[in-house]
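This is what each chain is made of:
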Amino acid sequence: MKRMIAIGMTILSVGMFSACSTNSNSPKSSNSSSHSKSNTAQHYKYYAKGKTFYGPKGTLKINKLIGYTLDNNHYFILDITYKNTTKKEVDASDIMTPNIEARQLNKDKSQKINLNGSNSASQYYRDNNNNIDDYNKFNEITDSASNSLMPEKELHTLQEFSYKLNNNENDIELSLSDPDATSDDTVNPKKNKITIDINSIQDNSLNLNDYSTN
């Protein structure tokens, strides 16, 4: 009888040990899964640092903003430098596929306005200069973004479109926007801002000799 009781207690102990072992392992599995999801959510391909946007194929540096006035409205053009950081040739325009958006606080600083960036930058020459040669060279410079860029090489150029300012008082905030992005092709929301001093725009003039179309 005593032997049967001892056997029963042994079986009971083994069962309790197995249950405890199973329960102790469950939280670890849950934590591991949560940690894995967290890492996936934090994977970003594009981000900003200083005056430069970074991506998997290279960088886009904001050198300066070139201002001009047309029909009493104020605009600016982005003077930029692409760099191919891969080991193969890449079209310059493919280095930074997200759009560059510009925002500015309105005069009373109650709203942050999305600036219209659909204006042709070549309109710079409509009132500022009637020289057709300069107009054509300007378009050649902006078209250079479609050229292939060799590994580790740079291209200093102008963005094809200009942005219309809301006012001449508040700074400009540039950021990347990629509405078609997937979980593996996203912009880091915490590192996605380049701020440009509004006063620096007035100091820049366009010199076509600063750029190469070859």
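Look a little higher up for the structure.
Quantities reported herein were computed from a predicted structural model and do not represent experimental measurements.

S.K.: Explain the overall build of the protein chain to me, please; I cannot follow it from the model alone.
M.R.: Looking only at helices and strands, the protein chain features 5 helices and 12 strands. Counting over 214 residues, the protein chain shows a buried share of 34%. Taking all contacts inside the protein chain whose residues are at least 6 apart in sequence as the whole, residues at least 24 apart take part in 73%. Here the protein chain displays about 13,400 Å² of accessible surface, and carbon together with sulfur accounts for 47% of that area.

S.K.: Help me out: how do you make sense of the pattern of salt bridges in this one?
M.R.: Should the charged atoms of two oppositely charged side chains come close, the side chains can pair. For the structure shown, the criterion picks out 2 salt bridges. Glu101 serves as the salt-bridge partner of Arg103, at 2.8 Å between the closest nitrogen and oxygen. With its nearest N and O atoms 2.9 Å apart, the salt bridge here joins Glu173 to Lys112. Here Glu173 is found in strand E11 (residues 172-177), whereas its partner Lys112 is found in strand E7 (residues 112-114), with 61 residues between them in sequence. Residue Lys112 is classed as partly exposed on the basis of its relative accessible area, which comes to 46%.

S.K.: What exactly am I supposed to notice about the packing of aromatic side chains here?
M.R.: The description of an aromatic ring pair uses the distance of the two centres, along with the angle that the planes make with each other. Per the stated rule, a full pass over the model turns up 4 aromatic pairs. Centroid distance Tyr68 to Tyr124: 5.4 Å. Interplanar angle 75 degrees. Geometry classified as edge-to-face. Pair noted here: Tyr68 is in strand E3 (residues 58-70) and Tyr124 is in helix H3 (residues 124-128), with a separation of 56 residues, a long-range link. Across the pair, Tyr124 and Tyr68 agree in class, each one buried. Site record: aromatic cluster; members linked through ring pairs are Tyr68, Tyr75 and Tyr124.

S.K.: Would you mind showing me how to read the side chain of Glu173 here?
M.R.: Here Glu173 falls in the buried class, since its relative accessible area comes to 16%. For Glu173, the side chain forms a polar contact with the side chain of Lys112, separated by 2.9 Å. Beyond its immediate chain neighbours, meaning those up to four positions away, Glu173 contacts Glu101, Ala102, Arg103, Lys112, Lys193 and Ile194.

Rules of the game
Numbering of residues starts from 1 in every chain and runs along the sequence as written. Side-chain atom pairs in this predicted model are given and counted only at pLDDT of 80 or more, local residue features only at pLDDT of at least 70, and totals for whole chains, interfaces and linings cover all residues. The side-chain quantities take in all heavy atoms of the structure and omit both hydrogens and water. Under the scheme used here, helices are H or I runs from DSSP no shorter than 4 residues and strands are E runs no shorter than 2 residues, and both carry numbers assigned from the N terminus. Relative accessibility decides the category of a residue: with a 1.4 Å probe and only protein chains considered, values under 20% of the type maximum give buried, values over 50% give exposed, and everything between is partly exposed. Residue contacts follow a heavy-atom distance rule, with two residues in contact if any of their heavy atoms lie within 4.5 Å. Where accessible areas are quoted, they stem from the Shrake-Rupley method and a 1.4 Å probe; at the residue level, only the protein chains shown are allowed to cover. Salt bridges, as used here, are contacts in which a Lys or Arg side-chain nitrogen is within 4 Å of a carboxyl oxygen on Asp or Glu. Each Phe, Tyr or Trp ring (for Trp, its six-membered ring) is paired with any other whose centre lies within 6.5 Å, and the angle between the two planes then decides the class: stacked below 30 degrees, edge-to-face above 60, tilted in between. Polar contacts here mean pairs of N or O atoms no more than 3.5 Å apart (in protein, one a potential hydrogen donor and the other a potential acceptor; neighbouring residues in sequence count only if both atoms are side-chain atoms).

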